[in-house]
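Coordinate inspection notes
For reference, the chains in residue letters:
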Amino acid sequence: MPYDDEDGPNGSVVLSDSRTAGSHAPMGSATGGIVAEVRGPLGNALKGQVQLRHDVAETALRGLLAPRKTLPPSLFYDEEGCRLFYEITKLPEYYLTRTEFRLLETIAPAVAELLPAGATLVEYGASDETKAEMLLARKASARAPMRGSFDALFGNTRDEAVFQTYIPIDVAEPALRAMRERLAVHRPELSVVPVTADFMRPVELPKRESETAIMGFFPGSTIGNLEPGPAVDFLGRVRSTLGNGAKFLLGFDTCRDPARLIRAYDDPQGVTAQFNRNLLVRLNREADATFDPETFAHRAIWNATESRVEMHLVSRVGRTVMVAGRGVQFARDESIHTENSYKYTPERMRTMITAAGWTVSKTWSDSNGLFALWLLD
Ligand code: AVJ
């Protein structure tokens, strides 16, 4: 299908130099109370079924017992959710992934050029290595300041990879394991140290060999899943985790065309609908819930005031659903707000980045202005 983001020549780019709240579901203050309430019933339920998970049930109930029901997008990514998201990235309507990928392909040499051999790459929300691969494949080149040096003259730096260590951080442990296995085969020289964690909580980086430089990588417009305030907090936290002198490569969606966005988040094949409903399938399995997923409608709406796409699961009927021993009441047509994908203007993103203490050092975007990759210092 001809979408106009494919009109331009491949990879044509525009160059110009230039606190632990959860995603949109509040995870802060309500936590303590509900955790205590949930433990009883779930403890009993746990006896027979090893798949039940306290953390998933607690997180889900925190959102479902609120006056306006929410579930955090981090719950999407069980194994089936990761598979469905991968399917989404292949849809013609979901322009984000392929636009960013082409852009990354084009700019990777310029990014690598700014780093010495022996650097560390830290990826936030890494469910597969395809994007990181664009960077991991780079070899250090003999750079201008080194011309005439022994290494440059004898070519000693040329075969060295820019990155010696790769730290993917994600909530999806099976995905991380699979990545590490693939990379062990394809990049035996690379040290891969996955961290299973929700990046919205403080993440401590694993100990590693001495590194020459460190770069954070947050592709996919995943930053759009965070509320603007927590997004700034996140960027600030990353800055202190990575330390002074670190770089950060940030990918974000800049499309604000409602028709295109709705196609991308409510595709005609229904893959996104299935991805959304899979949350309920997961809760049935892992939080001892009694959802009937097919009776929840998938809704994607463009909220122009907040500049975000919202995904909802709307209960077609009034009912009570059990979750980890608790009854959750639904009125007819009541929604569970499952995701926000904020779409930032460059101006607003710059403000957030600056507020977090970073400096925008380089910006790139595709020729249709759908997606941006920014390098921060
Ligand atoms: C992976 C968070 C960037 O918000 O576009 C895809 C997830 N949700 N379709 C996004 C998603 C619906 C995606 N991110």
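On a predicted model such as this, the values are computed, not experimentally measured, just so you know.

**Some details on the pairing of strand S6 (residues 214-218)**
Extensive coverage of S6 is indicated by the burial of 5 of its 5 residues. Here S6 shows a buried face lined by Ile214, Gly216 and Phe218 and a second buried face lined by Met215 and Phe217. Sheet topology note: the strand S2 (residues 119-124)/S6 ladder contains 4 bridges and is parallel. In the strand pairing of S6, Thr120 is matched with Ile214. Where S6 meets strand S7 (residues 247-253), 4 bridges bridge the pair, whose relative direction is parallel. Bridge pairing links Gly216 to Phe248 in S7. Tracing the backbone out of S6, into helix H8 (residues 228-242) and back to the parallel element S7 gives a crossover that is right-handed.

**Topic: the site of the ligand**
In the vicinity of the ligand, the contacting residues are Ile88, Leu96, Gly220, Ser221, Thr222, Gly224, Asn225, Tyr265, Thr272, Glu339 and Ser341. Here the shell around the ligand is composed, by residue class, of 3 nonpolar, 7 polar and 1 charged. The residues that make up the shell around the ligand include at least three from each of domain 1 (41-92 + 257-342) and domain 2 (114-255 + 344-376).

**Quick look at the confidence of the model for the protein chain**
Mean pLDDT over the protein chain: 86, with 82% of residues reaching 70 or higher. A low-confidence stretch, residues 1-50 (pLDDT under 50), is modelled with 83 contacts involving residues beyond four sequence positions or located in other chains.

**Here we look at the pairing of strand S10 (residues 319-323)**
Pairing geometry for S10 and strand S11 (residues 326-330), over 5 bridges, is antiparallel. By the bridge assignment for S11, Thr320 is matched with Gln329. Linking S10 back to S11 in an antiparallel pair, the connection comprises 2 residues, with Ala324 at a positive phi of about 50°.

**Some points on the sheet that holds strand S8 (residues 296-303)**
Overall, antiparallel pairing links the 3 strands, which are arranged S8-S9-S12 in an open sheet. Only two strands of the sheet have a single partner each, and these edge strands are S8 and strand S12 (335-342). Taken over all neighbouring pairs, the strand axes of this sheet differ in orientation by 20° on average, direction set aside. In terms of strand pairing, strand S9 (residues 308-315) meets S12 through 7 bridges, oriented antiparallel. Across the sheet, Val314 pairs through a bridge with Ser335, a residue of S12. Along the sheet face, helix H10 (residues 271-286) touches S8, S9 and S12 and points at about 120° away from the line of S8.

**Quick word on the packing of helix H3 (residues 79-90) against H10**
The geometry of H3 relative to H10 is characterised by a closest axis approach of 9 Å and an angle of 170° between their N-to-C directions. In terms of axis orientation, H3 runs roughly antiparallel to H10. Seen from H3, the contacting residues are Glu80, Gly81, Leu84, Phe85, Glu87 and Ile88; seen from H10, they are Val271, Thr272, Gln274, Phe275, Asn278 and Arg282. For the contact of H3 with H10, the residue count by class is 5 nonpolar, 4 polar and 3 charged.

**A word on the nonpolar core**
Ranked by size, the top nonpolar core spans 60 residues in total, and within it Leu121, Leu135, Met215, Leu249, Leu250 and Leu373 carry the most contacts. Top contributing element to this core by residue count: helix H4 (residues 95-113), with 8 residues. Both domains that meet at this core, namely domain 1 (41-92 + 257-342) and domain 2 (114-255 + 344-376), each give it at least three residues. Apart from the residues lying within four places of it in its own chain, the contact partners of Leu135 are Ala108, Val111, Ala112, Leu121 and Phe163. Counting 32 residues, the second-largest nonpolar core is a separate cluster that includes Ala57, Leu75, Phe76 and Met179.

**Focus: the environment of Ser141**
Tracing the backbone shows Ser141 in the loop between helix H5 (130-136) and helix H6 (150-154). What makes Ser141 partly exposed here is the crowd of 16 C-beta atoms within 10 Å. Linking Ser141 and Leu114, residues 27 residues apart in sequence, is a C-alpha distance of 10.0 Å.

Thresholds applied
Residues numbered from 1 in each chain as written. Predicted model: local features only at pLDDT ≥ 70, side-chain atom pairs only at ≥ 80, totals over all residues. Buried ≥ 20, exposed ≤ 12 C-beta atoms within 10 Å, placed from the backbone. Helix = DSSP H or I, 4+ residues; strand = E, 2+ residues; numbered from the N terminus. Pairing = 2+ DSSP bridges. Right-handed = clockwise from strand over helix to strand, strands pointing away. Near = placed C-beta within 6 Å. Nonpolar A, V, L, I, M, F, W, Y, C, P; charged D, E, K, R; others polar. Domains from an automatic or database assignment. pLDDT = per-residue confidence, 0-100. Contact = placed C-beta atoms within 7 Å. Axes fitted to C-alpha atoms, helices over the stretch in contact; angles between N-to-C directions. Parallel < 35°, antiparallel > 145°, perpendicular 65-115°, else oblique. Core = buried A, V, L, I, M, F, W, Y, C linked by C-beta atoms within 7 Å.

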